[in-house]
Amino acid sequence: MAITKALFQLIMVTASALFSMALGASYTVGAPAGSWDLKTNYTQWTSTRRFFPGDSLRFQYPTATHNILEVTKTAYYTCNTSVSNAVIATYQTGNDVITFAASGVTRYFVCGFPGHCAVGMKLRVNVGAQSPAPVQCRGRGRGAKRIRCTRPAPASPAASSAIGGGADRSSLWLAAVVAAGSLLLCF
Ligand SMILES: *[C@@H]1O[C@H](CO)[C@@H](O)[C@H](O)[C@H]1NC(C)=O
Ligand SMILES: *[C@@H]1O[C@H](CO)[C@@H](O)[C@H](O)[C@H]1NC(C)=O
């Protein structure tokens, strides 16, 4: 009995860990209408999305005309990246994925090509303190013969739009596959 229970708990912990990992949403910066370019209004782009730890941004751009500098808050606002220590990281492959680890922080990105930041090619992202709720499984009845797995409703409508709204299809599919797997493990 004890072994069964321990095994059950192990499965549940593994399933919900996989589920939480799969829930990291992937956003292509500027998509669907734009990209990492001079036209996109990034203030508008971020205003309809919520970001959480585990989520990632994909920057796609031609390397001849753009790059990405992660910069300090000051450099983001002044667009002066010549100040020492203004640049935290440089990306220039044309297809860069940046995953958010820490929560409750603001990350700042600008294009390092002359004049691009000044005309608005800069992105400020608040990484939210709470991630979407993971799946929860509960035993029902004696010996937990019937087990029910549910996903609590997101804390706010914006949180659910972060999952369904702008996330790339691939991560949604992965989430769906893992969710199905978790349910199989549960029943
Ligand atoms: C970008 O969008 C924001 C929010 O919708 C708006 O306030 C701002 O004026 C826009 N900026 C430009 C340059 O159009
Ligand atoms: C940027 O900062 C550096 C170092 O403080 C300064 O020398 C330079 O003039 C600044 N550039 C602009 C465009 O303000």
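One can find the structure itself at the top, above this paragraph.
Let me sum up the structure you'll find in this document. These figures come from a predicted structure and were not determined experimentally.

**A closer look at the pattern of salt bridges**
Piece 1. Applying the stated criterion to the full structure yields two salt bridges.
Piece 2. The salt bridge partner of Lys 39 is Asp 37, with a shortest N-O separation of 3.8 Å.
Piece 3. By relative accessible area, which is 71% here, Lys 39 ends up exposed.
Piece 4. Owing to a relative accessible area of 12%, Asp 37 belongs among the buried residues under this scheme.
Piece 5. Residue Arg 107 is joined to Glu 70 by a salt bridge in which the shortest nitrogen-to-oxygen separation is 2.6 Å.

**Focus on the sheet that holds strand E6 (residues 105-110)**
Piece 1. Pairing within the open sheet is antiparallel, and its four strands lie in the order E4-E3-E6-E7. Edge positions in the sheet fall to strand E4 (87-91) and strand E7 (122-127), since each has one partner strand and no second. When strand polarity is set aside, the average angle formed by the axes of neighbouring strands in this sheet is 25°.
Piece 2. As paired strands, strand E3 (residues 68-71) and E6 are joined by three bridges and run antiparallel to one another. Looking across to E6, one finds that Leu 69 is bridged to Val 110.

**Remarks on the nonpolar core**
Piece 1. The biggest cluster of nonpolar side chains holds 19 residues, and the ones touching the most others in it are Val 29, Trp 36, Leu 57, Phe 59 and Leu 123.
Piece 2. Looking at this core, the elements with two or more residues in it are helix H2 (42-47), strand E2 (56-60) and E7.
Piece 3. Leu 69, Tyr 76, Ala 86 and Tyr 108 belong to the second largest nonpolar core, which has eight residues in total.

**What to know about the packing of aromatic side chains**
Piece 1. Scanning the entire structure with this criterion turns up nine aromatic pairs.
Piece 2. Ring geometry for Trp 36 versus Phe 59: centroids 5.0 Å apart, planes at 85°, classification edge-to-face. With Trp 36 in the loop between strand E1 (26-28) and H2 and Phe 59 in strand E2, this residue pair connects regions lying 23 residues apart in the sequence.
Piece 3. Its relative accessible area of 0% is what places Phe 59 among the buried residues.
Piece 4. With centroids separated by 6.2 Å and ring planes inclined at 80°, the aromatic side chains of Phe 51 and Phe 100 adopt a geometry described as edge-to-face. Taken together, the positions of Phe 51 in the loop between H2 and E2 and Phe 100 in the loop between strand E5 (95-99) and E6 put the pair 49 residues apart, joining distant regions of the chain. Exposure class is identical for Phe 51 and Phe 100. Each is buried.
Piece 5. By way of ring pairs, the aromatic residues Tyr 27, Trp 45, Phe 51 and Phe 100 are connected into one cluster.
Piece 6. Across from the ring centre of Tyr 76, 4.6 Å away, lies the NZ or CZ of Lys 122, which sits over that ring.

Reading the values: the criteria
- Residues numbered from 1 in each chain as written.
- Chains lettered and ligands numbered in written order.
- Predicted model: local features only at pLDDT ≥ 70, side-chain atom pairs only at ≥ 80, totals over all residues.
- Heavy atoms only, no water.
- Salt bridge = Lys/Arg side-chain N within 4 Å of Asp/Glu carboxyl O.
- Buried < 20%, exposed > 50% of the residue type's maximum accessible area, 1.4 Å probe, protein only.
- Pairing = 2+ DSSP bridges.
- Helix = DSSP H or I, 4+ residues; strand = E, 2+ residues; numbered from the N terminus.
- Axes fitted to C-alpha atoms, helices over the stretch in contact; angles between N-to-C directions.
- Core = buried A, V, L, I, M, F, W, Y, C linked by side-chain atoms within 4.5 Å.
- Phe/Tyr/Trp six-rings, centres within 6.5 Å; stacked < 30°, edge-to-face > 60°.
- Lys NZ or Arg CZ within 6 Å of the ring centre and 35° of its normal.

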